[in-house]
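So the chains spell out like this:
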Amino acid sequence: MAFERIAADPGIMAGVPCIRGTRIPVATVVGMVAEGMTAAEIIADFPQLTAADISDALRFAAAAVDQSTLPLPHTA
């Protein structure tokens, strides 16, 4: 799966995945969505973003979680 709008460069934000061409971390965008912000509200805060950037950030985060073992407590 390709993520054309996501970049991870060791020289930018210490390699944290960001929206390409910005210093806006994917985690920041995903966190804003998780807090209930709409795409329009996020773009109002970060006018350099597009709805497609937000969508790609969410797809990237979903793929990252799918490929990781998360430290979650086991339930009985």
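So, here's what we can say about the structure. Numbering of residues starts from 1 in every chain and runs along the sequence as written. Only residues with pLDDT of at least 70 are given local features in this predicted model, and only at 80 or more are side-chain atom pairs given and counted; all residues enter the totals for whole chains, interfaces and linings. Neither water nor hydrogens contribute to the side-chain values; these are computed over all heavy atoms in the structure.

Details of the packing of helix α1 (residues 26–34) against helix α3 (residues 51–66)
Two packed helices can be described by the angle between their axes and the distance between those axes. Viewed as axis vectors pointing N to C, α1 and α3 meet at an angle of 100°, and their least axial separation amounts to 9 Å. Between α1 and α3, the interaxial angle falls into the category roughly perpendicular. Along its contact with α1, which presents Val 26, Val 29, Val 30 and Val 33, the element α3 presents Ile 54, Ala 57, Leu 58, Phe 60 and Ala 61. Only Asp, Glu, Lys and Arg are considered charged, only Ala, Val, Leu, Ile, Met, Phe, Trp, Tyr, Cys and Pro nonpolar, and every remaining residue, Gly among them, polar. Across the contact of α1 with α3, the residue classes break down as nine nonpolar, no polar and no charged. Throughout, an axis means a line fitted to C-alpha atoms (over the contacting stretch in the case of helices), and angles, computed between N-to-C directions, take values from 0 to 180 degrees. Each helix corresponds to a stretch of at least 4 residues labelled H or I by DSSP, and each strand to a stretch of at least 2 residues labelled E; elements are numbered beginning at the N terminus. By the definition adopted for this analysis, an angle is roughly parallel if under 35 degrees, roughly antiparallel if over 145, roughly perpendicular if from 65 to 115, and oblique otherwise. Contact criterion: two residues are considered in contact whenever any of their non-hydrogen atoms come within 4.5 Å of each other.

Remarks on the pattern of salt bridges
The working definition used for a salt bridge is a side-chain nitrogen of Lys or Arg within 4 Å of a carboxyl oxygen of Asp or Glu. As enumerated under the stated definition, the model contains two salt bridges in all. Residues Arg 5 and Asp 53 are paired through a salt bridge, measuring 3.2 Å at the closest nitrogen-oxygen approach. Of this pair, Arg 5 sits in the segment before β1 (6–7) while Asp 53 is found in helix α3, placing the two residues 48 residues apart along the sequence. The partly exposed category is assigned to Arg 5, whose relative accessible area is 34%. Judged by its relative accessible area of 8%, Asp 53 falls in the buried class. With a closest N to O distance of 2.6 Å, Arg 59 and Asp 56 form a salt bridge. Separated by three residues within a single helix, Arg 59 and Asp 56 lie in helix α3, roughly one turn from each other. Three exposure classes are used, based on accessible area relative to the maximum for each residue type with a 1.4 Å probe and protein chains only: buried under 20%, partly exposed in between, and exposed over 50%.

Overview of a nonpolar patch on the surface
Together, Ile 12, Met 13 and Val 16 make up a nonpolar patch on the protein surface, roughly 200 Å² of accessible area in all. Inspection of the secondary structure puts Val 16 in the loop between β1 and β2 (18–19). Taking relative accessible area as the criterion, Val 16 reaches 36% and is therefore assigned partly exposed. Only residues whose relative accessible area exceeds 30% and that form no salt bridge enter a patch; like-charged residues are grouped when within 9 Å of one another, and nonpolar side chains (Val, Leu, Ile, Met, Phe, Trp, Tyr) when within 5 Å. Here the accessible surface of atoms and residues is derived via Shrake-Rupley with a 1.4 Å probe, and residues count as covered only by protein chains that are part of the display.

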